[in-house]
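Residue strings, one per chain:
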Amino acid sequence: MDKINRRLMLGGLGMVAAGLAGAVSAQSNGRSNGVTPNAAPTAPDPSARHRLRFAVIGLDHPHIYSMTDALIRGGGTLAAVHASDPRQLARYLARYGDVKVARTQAEILDDKSVQVVASASIPRLRAPLGIRVMRAGKDFLSDKPGITSLDQLAEVRRTIAETRRKFAIMYSERLEVRAAVKAGELVRAGAIGRVLQTINIAPHRMSAPNRPEWFWDVKNYGGILTDIGSHQADQFLFYTGSTEAQVVASQVGNLDTPGHPKFQDFGDMTLSGNGGTGYVRVDWFTPDGLPTWGDGRLFILGTEGYIELRKYVDIEGRPGSDHLLLADRKGTTYIDCSDVPLPFGPQFISDVMVRTEVAQNQAQALLAAELVLTAQAEARKLVSGPRPALQGG
């Protein structure tokens, strides 16, 4: 198929470098999510042992940039892209070059040279796409949330069992954040003893004027716990080593977004697993004065110490991101994780080629999805209203 005339596309849309930079930075802190701010990776990481061809369907969330970068670092060659919005395509092509633009999804699904399809489409569309991808004999990498209903989850599990393909979910707040990678190394090395609990605080900036219409309706993203909370459920399972887990309590609500009544701006949940317990708070209340999209923090309590991550910012402290604080029996330590390698890309490409589960355990990825879907379904609904006056002198 002929490639779309990129010069005409970009010129017609008035594409400028600032627009691309905004799209890339909107997904998260650029460095922490493994995205170079000005250009895509030009070659695989030295650790990448395999090569394959991958394609992208769906550019509705800017997480697709960190996902694409991870696959390129892992040894992937971007073979084709499909999206219905020409503005999204323009931004994507401005970063990744003269990539073949597929005019239909079927063109990619029918291409036998493509081994992996990645997607950051509207969340409710991701699982159905992933099912089609697996039935086409390819592996699938979804942005989070990869699944927005328990019915979708059941169908995904059936399709995995039938096809033996992978339905991976890019939980980027662990997989593509350098401080989170380092925390995993420390936990596995026994630095804080046996993990007892994780506490995850994940505020996000709403940036309302820049959000698409689908963003404001729960039916499109499954709810705040399903969406943002999927990151935290993944971290809870990973750091505690839990293979079984349940939702103890959960609540969600629209506390201060009256202009969008179908939106949820706050949620929390308590989880219990066979490796530990966890508490998660997610919200859209990052103040405008914070120099990043959210002050994401993770606390990992062990029997012999604890780890605190300040993933994206250390307010009134050290510059940059990826800060790790460790307290153990010997004392306290600060670790700058800004140069910690990101292994997901090479590991995932290797998993696809040799059918292992080093980058991501399939059962754990889907258990994280099941936890947030259950928490969302069972959540107590918080009601916004006038607050009582403060008491006391």
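The rules behind each value
- Counting restarts for each chain, with residues numbered from 1 along the sequence as it is written.
- Totals for whole chains, interfaces and linings use every residue, but because this is a predicted model, local features are given only for residues with pLDDT of at least 70 and side-chain atom pairs only at 80 or more, for both listing and counting.
- To get the side-chain values, all heavy atoms of the structure are used, and hydrogens and water are removed first.
- Only strands that DSSP links by at least two bridges are regarded as paired with each other.
- Numbering goes from the N terminus for both helices and strands, where a helix is a DSSP run of H or I of at least four residues and a strand is a run of E of at least two.
- Under this scheme, a helix contributes an axis fitted over its contacting stretch, all axes are lines through C-alpha atoms, and angles between N-to-C directions fall in the 0 to 180 degree range.
- Residue contacts are defined here by distance: any two heavy atoms, one from each residue, within 4.5 Å place the two residues in contact.
- Accessibility here uses a 1.4 Å probe with only protein chains present; expressed as a share of the type maximum, an area under 20% marks a residue as buried, one over 50% as exposed, and anything in between as partly exposed.
- Between N or O atoms, a polar contact is any pair within 3.5 Å; within protein, one atom must be a potential hydrogen donor and the other a potential acceptor, and residues adjacent in sequence are included only when both atoms are from side chains.

J.: I'd like to hear about the pairing of strand E14 (residues 331–336), residue by residue, with values.
T.: Taken together, the 6 bridges between strand E13 (residues 323–328) and E14 define a ladder with antiparallel strand orientation. Within the sheet, the bridge partner assigned to aspartate 328 lies in E14 and is glycine 331. If you look at the hairpin formed by E13 and E14, you'll find 2 residues sitting between the two strands.

J.: Which residues make up the sheet that holds E14, and what values go with them?
T.: Across a sheet, paired strands are connected by hydrogen bonds in the backbone, their directions being either parallel or antiparallel. Reading across from one edge, E14-E13-E12-E11-E7-E10-E9-E8-E15 is the order of the 9 strands in this open sheet, with mixed pairing throughout. What marks the edges here is a single partner per strand, and that holds for E14 and strand E15 (380–382). Taking the axes of each pair of neighbouring strands and ignoring which way they run, one obtains an average angle of 10 degrees across the sheet. Looking at chain direction, strand E8 (residues 245–253) and E15 are connected through 3 bridges and run parallel. Following the sheet pairing, valine 252 is matched in E15 by lysine 381. Here helix H9 (residues 178–188) sits on the sheet and contacts strand E7 (195–203), strand E11 (297–302), strand E12 (305–310), E13 and E14; the angle it forms with E12, its principal contact strand, is near 170 degrees. Contacting E8, strand E9 (266–273) and E15, helix H14 (residues 362–378) crosses the sheet at an angle of about 50 degrees to E8.

J.: With reference to specific residues and values, describe unusual backbone geometry.
T.: Most of the time, phi is negative for any residue but glycine, and the peptide bond is trans. In the segment running from lysine 144 into proline 145, the intervening peptide bond is cis, with an omega of -10 degrees. Along the chain, proline 145 falls in the loop between strand E5 (139–143) and helix H7 (150–163). In this structure, glutamate 316 is a non-glycine residue whose phi angle is positive, near 55 degrees. With respect to the helices and strands, glutamate 316 occurs in the loop between E12 and E13. Classification of glutamate 316 by relative accessible area gives exposed; the value is 86%. Positive phi outside glycine occurs at arginine 355, with the angle close to 65 degrees. Take arginine 355: it is sitting in the loop between helix H13 (344–354) and H14.

J.: Which residues make up the sheet that holds strand E2 (residues 76–82), and what values do they have?
T.: Reading across from one edge, E3-E2-E1-E4-E5-E6 is the order of the 6 strands in this open sheet, with parallel pairing throughout. Looking at which strands have only one partner, the edges of the open sheet turn out to be strand E3 (100–101) and strand E6 (167–170).

J.: So what about helix H4 (residues 86–96)? Which residues, and what values?
T.: Gln88, Leu89, Ala90, Tyr92, Leu93, Arg95 and Tyr96 are the residues of H4 that are buried. The N-cap residue of H4 is aspartate 85: its side-chain oxygen and the backbone nitrogen of arginine 87 are 2.9 Å apart.

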